[in-house]
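For reference, the chains in residue letters:
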Amino acid sequence: VLLLSLSVVAIAHAELCKPDAQNAFKVRLSIKTALGDNAYAWDANEEYLFKAMVAFSMRRYSSKRTTQISNVLLCNVTGRVSFWFVVTDSSKNVTTVPGSEIEAAIRMNRNRINSAFLLSDKTLQFLKITSTLSPPVEPSTPAWLIVFGVVLCLIVAGIVFLIVGGIRQHKKKNKESAERESLEEKDEVTVTAENGIACESLDLKAGHINGVFAADDERFTSL
Amino acid sequence: AMEKSRPLWDNPLQFIFACISYAVGLGNVWRFPYLCQMYGGGGFLIPYLIMLVAEGMPLLYLELAVGQRMRQGSIGAWKIISPYLCGVGVASVVVSFFLSMYYNVINAWAFWYLFHSFQDPLPWATCPLNINHTGYEEECEKTSSTQYFWYRQTLNISPSLETSGSVQWEQALCLTLAWLVVYLCILRGTQSTGKVVYVTASLPYCVLIIYLIRGLTLHGALNGLIYMFTPKLEQLSNPKAWISAATQIFFSLGLGFGSLIAFASYNEPSNNCERHAVIVSLINSTTSIFASIVTFSIYGFKATFNYESCISKMILLLMNAFDLEEGSLTADNLSEMKDYLMATHPREYAQLLPQLKNCSLEAELDTAVQGTGLAFIVYSEAIKNMEVPQLYSVLYFVMLLMLGIGSMLGNTAAILTPLTDSKAIAARFPKEVISGAVCFFNCVIGLIFTMEAGNYWFDIFNDYAATLSLLLIVLVETIAVCYIYGIRRFEKDLHTMIGHKPNWYWKIMWTFASPLLIISLFIFYLSDYILTGALQYQAWDATQGQLVTKDYPSYALALIGLLVAASTMCIPLGALVTFIRKRLERESVSTI
């Protein structure tokens, strides 16, 4: 009788858990991609842990549920590593928990499940359950505006500095030419001018003496 | 009273740096590598160097000599050569004006990318999430994150030219900043420009050297270099290769805008412009070749990266579909495994077939890009995959800025020098006010290019505002100097300036070779436009995530015609106006 009941249970389980069964989910793990050399092998112990995590998620999600590890059925484990699982309902005979509940439970506890296996959303995939992607951190002021503001202030400061410097130079030049004009207007003080340039403003020391026109005593024949 | 002397460069080095800063621009980085790739790789250097010697150096020497001799901006210089040629100077100013209107938008984009480089991760490295955070933005999924950042987040481009959309305030801010920077550099004339060109001329080379070292050490760079530089000598028989070489030399040196005349007019009369012309044109071409080495190594890196991620995707797809063990499929055994799987599981394999792609390195290398696409999409894609991408991003966009601002300095000099030379305007307003007015006016008009359809208008200006007009202007310039002014008189002027007469090589180039080349280029372009029929443009389709070809609406075609006519008509109009004025003077004299 025991053998018969066991085989009935086994057949029933096989009926419930098969690829594309109702309320069944496919799981795919990429352990080597995630962990490289530290990758662990997928064996019966890992499967036990997985069953435990699913049962844990169901219990956390709905306090009514008293899901046992034996309620979680795994099948079609491949070398990839991928498999299908269902969660049976112990209160009702030979039925599975609705997929929507399982989905909600897994979603709620995704982080815990991932960390138990040292994997992430990408390397531990529940194929029909989409994960919410974490939004990127956005600062209150966009970073580019800050840099823009800094550069803008520098450029405007440079422009103002150059313009003010130019105005000051302009005023100085105007004052100088006004002084020179007032000097030239005074007829009593004859200002010796050469080509319209007042001789005082010329720096005679800096000028070159043109040797051709310099008075050379030897040019004049001696009397 | 003492006459106000013309401002001069502090030393000849400033003049060389100004010319290099102006000539070495974005075209060296984003146009020459494309041409090199399209027209025979290493073999393209042959027509390029021939055109440099036959067309580039003589025309550059001619413009510099004219500016140095006449010591005036373009309008004044051509008026001295012959009063009927004042239209040539005006045409140069008009073309420079059009150029400065749209060119600074590129600097605005460079600023935008530069400011966004101070983030981790770079904003163009990943796609943004969609509204309910379940996946990525749809448009970004269809195309790549770098293209999405360019077309959507930078330009916010509209689907066609007709839908103008609104002005993008972020781009408008960057454009204003770009114009403020230009204003700062030209504010004091040669005093300020002379110092700025030390930086704008040398900084790009520093960055290019850093990128050369970085580029050559990237994984897969060698693939790009070998593929691009292997000469395909059969392209030499393609006339388009020679025409592209001639066009590239011509536009790369910036002839005909009046900028070179303006720069040379601030020289000492005894400056050796012959030597400087040879130096500047050689440096310009060498920079193009240097920049293409960098670009090809970047191409190689990007193509190898894409090829390897394509292979990884295929491996993942096959592994998941057939539940194979991890590590059983590698890049080496991929093709054998594909055949094996096709044989053992034909039905499932057939189902998978539409998603399976044949990854090919050659196909990735063959994607040839030029223009803003190369500078802002391809390079940013390569940068996001490097280590410390923020550093390389900042360096790269600072280099683009230096190149762009250097060219803008030349452009604005071409506009401002005639304005400050003319006594009517210069006597009433100080040069700070004139520069400010020009910058402000250009900035306001430039806001058109910051609208959603702005990039389409940009393409119109980029393709048509300067091309035909410049060819005509330089042709008239060469003929004017050789035949109206007289080659003998020009020779004597050069002898006075630099101490020796130009040898027979220059004379033959000026009188025959260069004008013939320009005429043939002109005829080619005209016939090309006429034969093509309807002019078309590339529009971005957000639903497909790629560019589609569309026809220009009639008002865009009218604008194109107006752009070309506005500058070319100045030449005959100028001659006509002078003729009428002389007639009136003669009549008024004779009646006395």
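Parameters and conventions
Residues numbered from 1 in each chain as written. Chains lettered and ligands numbered in written order. Predicted model: local features only at pLDDT ≥ 70, side-chain atom pairs only at ≥ 80, totals over all residues. Heavy atoms only, no water. UniProt positions renumbered as here; feature names shortened; annotations may be inferred. Helix = DSSP H or I, 4+ residues; strand = E, 2+ residues; numbered from the N terminus. Buried < 20%, exposed > 50% of the residue type's maximum accessible area, 1.4 Å probe, protein only. Contact = heavy atoms within 4.5 Å. Areas by Shrake-Rupley, 256 points an atom, 1.4 Å probe, with all protein chains shown as cover. Pairing = 2+ DSSP bridges. Salt bridge = Lys/Arg side-chain N within 4 Å of Asp/Glu carboxyl O. Patch = residues over 30% accessible without salt bridge, like charges linked within 9 Å, V, L, I, M, F, W, Y side chains within 5 Å. Disulfide = S-S within 2.5 Å. Lys, Arg positive; Asp, Glu negative; His and termini not counted. Charge placed at Lys NZ, Arg CZ, Asp CG, Glu CD. Buried area = accessible area lost by both parts, 1.4 Å probe. Axes fitted to C-alpha atoms, helices over the stretch in contact; angles between N-to-C directions. Parallel < 35°, antiparallel > 145°, perpendicular 65-115°, else oblique. Left-handed = near helix turned anticlockwise from the far one by under 90°. Nonpolar A, V, L, I, M, F, W, Y, C, P; charged D, E, K, R; others polar.

Chain B is annotated in an unreviewed UniProt entry as Transporter of Calypte anna. Recorded in UniProt for chain B, the comment headed Sequence similarities (unreviewed entry) runs: "Belongs to the sodium:neurotransmitter symporter (SNF) (TC 2.A.22) family." Of chain B, the UniProt comment under Subcellular location (unreviewed entry) reads exactly: "Membrane".

Going by the annotation in an unreviewed UniProt entry, the name recorded for chain A is Collectrin, with Calypte anna given as the source organism. Reading the Subcellular location (unreviewed entry) entry of the UniProt record for chain A gives the comment "Cell membrane".

This brings us to the overall build of chain A. Across its full length, chain A holds six helices and six strands. Its helices and strands taken in sequence order, chain A reads α-β-α-α-β-β-α-α-β-α-β-β from the N to the C terminus. Among the 223 residues that make up chain A, the fraction classed as buried is 28%. Partitioning the contacts of chain A with sequence separation of at least 6, the portion at a separation of at least 24 is 58%. For chain A, the accessible area works out to roughly 15,600 Å², and carbon and sulfur atoms hold 58% of it.

Next up on the list: the pairing of strand S2 (residues 72-75) of chain A. Residues and elements named next belong to chain A. Side chains Val72 and Leu74 project from S2 onto one buried face, and the interleaved Leu73 and Cys75 project onto a second face that is buried too. As judged from the four bridges shared by S2 and strand S3 (residues 82-87), these two strands associate in the antiparallel manner. Residue Cys75 lies in a different strand from S3, and its bridge partner there is Trp84.

Glancing now at the pairing of strand S1 (residues 25-29) of chain A. Residue and element names in this part refer to chain A. With five of five residues buried, S1 lies mostly within the body of the structure. Side chains of S1 alternate between two faces, with Phe25, Val27 and Leu29 and Lys26 and Arg28 buried alike. Across four bridges, the pairing between S1 and S3 is antiparallel. If you follow Arg28 over to S3, its bridge partner there is Ser82. Of the strand pairs in this sheet, S1 and strand S4 (residues 124-126) are connected by three bridges, and their pairing is antiparallel. What sits directly across from Val27, in S4, is Phe126.

Now for the side chain of B:Glu381. All names here are of chain B. By the element assignment, Glu381 lies in helix H18 (residues 372-384). Residue classification places Glu381 among the buried positions, given a relative accessible area of 12%. The contacts of Glu381, once residues within four sequence positions are left out, are Ser144, Thr146, Lys302 and Asn306.

Turning next to the UniProt feature "binding site: Na(+)" (unreviewed entry) in chain B. Residues and elements named next belong to chain B. Using the residue numbers shown here, the UniProt feature "binding site: Na(+)" (unreviewed entry) corresponds to Ala23, Val24, Asn28, Ser252, Asn284, Leu403 and Ser407. A compact arrangement is adopted by the annotated residues: their sequence extent is 385 residues, whereas the largest C-alpha distance between any two is 12.8 Å. Tracing the backbone shows Ser252 in helix H12 (residues 239-252). Residue Ser252 is classed as buried on the basis of its relative accessible area, which comes to 10%. Apart from the residues lying within four places of it in its own chain, the contact partners of Ser252 are Ala23, Asn28 and Asn284.

Residue and element names in this part refer to chain B. Within this structure, the stated rule accounts for 11 salt bridges over all chains. The partner of Lys142 in a salt bridge is Glu138, and the shortest N-O contact between them spans 3.1 Å. Note that Lys142 and Glu138 are positioned in helix H7 (residues 138-142) at a spacing of four residues, about one turn of the helix. Note on Glu138: relative accessible area 56%, which makes it exposed. One salt bridge connects Arg152 with Glu139, and the closest N-O pair in it is separated by 3.1 Å. Taken together, the residues Arg152 in helix H8 (residues 145-154) and Glu139 in helix H7 connect sequence positions 13 residues apart.

Nonpolar side chains collect at one region of the surface, where B:Tyr84, B:Met569, B:Leu573, B:Leu576, B:Phe579, B:Ile580 and B:Leu584 lie side by side and expose about 660 Å² of accessible area between them. Looking at the secondary structure, you find B:Leu573 in helix H26 (residues 570-591).

Turning to the UniProt feature "transmembrane region" (unreviewed entry) in chain A, a few remarks are in order. With numbering aligned to this structure, UniProt lists the feature "transmembrane region" (unreviewed entry) at residues 143-167 of chain A. Between the end C-alpha atoms of residues 143-167 of chain A the distance is 37 Å, and the span holds 100% helix and 0% strand.

Here we take up the state of the cysteines. Residue and element names in this part refer to chain B. Enumeration over the complete set of coordinates arrives at two disulfides over all chains. Residue pairing for Cys127: its cysteine sulfur links by disulfide to Cys140, the two sulfurs lying 1.9 Å apart. Here Cys127 and Cys140 share a disulfide; its torsion about the S-S bond, -85°, makes the bridge left-handed. Of this pair, Cys127 sits in the loop between helix H6 (86-115) and H7 while Cys140 sits in helix H7, placing them 13 residues apart in sequence. Across the disulfide, Cys310 is cross-linked to Cys359 (sulfur-sulfur distance 1.9 Å). One disulfide, between Cys310 and Cys359, carries an S-S torsion of -80° and so falls in the left-handed class. Taken together, the residues Cys310 in helix H14 (residues 273-322) and Cys359 in the loop between helix H16 (346-352) and helix H17 (361-366) connect sequence positions 49 residues apart. For the pair Cys310 and Cys359, a shared accessibility class is recorded, and that class is buried. For the unlinked cysteine Cys439, the closest cysteine sulfur is that of Cys443, found at 8.6 Å.

A few words on a positive patch on the surface. All names here are of chain A. Among the surface-exposed residues, Arg168, Lys171, Lys172 and Lys175 lie close enough to one another that they form a single positively charged patch. With respect to the helices and strands, Lys172 occurs in helix H6 (residues 143-185). On the accessibility criterion, Lys172 (55% relative accessible area) is exposed.

With that settled, consider the interface of chain B and chain A. The interface of chain B with chain A comprises 30 residues on the first partner and 32 residues on the second. Where chain B abuts chain A, roughly 2,800 Å² becomes buried across the two surfaces, and 69% of that area is made up of carbon and sulfur atoms. The largest per-residue losses of area from chain B upon contact with chain A belong to B:Phe115, B:Asp323 and B:Glu326, which jointly make up 24% of the total buried on that side. The interface formed by chain B and chain A holds two salt bridges in total. Residue B:Glu325 pairs with A:Lys32 through a salt bridge whose shortest N-O separation is 3.6 Å.

Neighbouring strands of a sheet are bound in pairs by backbone hydrogen bonds; such pairs are parallel or else antiparallel. All names here are of chain A. Taking strand neighbours across the sheet as the criterion, the four strands line up as S2-S3-S1-S4 in an open arrangement whose pairing is antiparallel. Both outer strands of the open sheet, S2 and S4, are each paired with one neighbouring strand and no more. Here the average twist between neighbouring strands, direction ignored, is 25°.

This part is about the packing of H6(B) against helix H22 (residues 454-464) of chain B. All names here are of chain B. Contact geometry for H6 and H22: axes closest at 10 Å, N-to-C directions at 130°. Judged by the inter-axis angle, H6 sits oblique to H22. When the axes of H6 and H22 are compared, the crossing they make is left-handed. From H6, Phe98, Met101, Tyr102, Ile106 and Trp109 reach across to H22, where they touch Asn455, Phe458, Phe461 and Asn462. Taken together, the residues of the contact of H6 with H22 break down into seven nonpolar, two polar and no charged.

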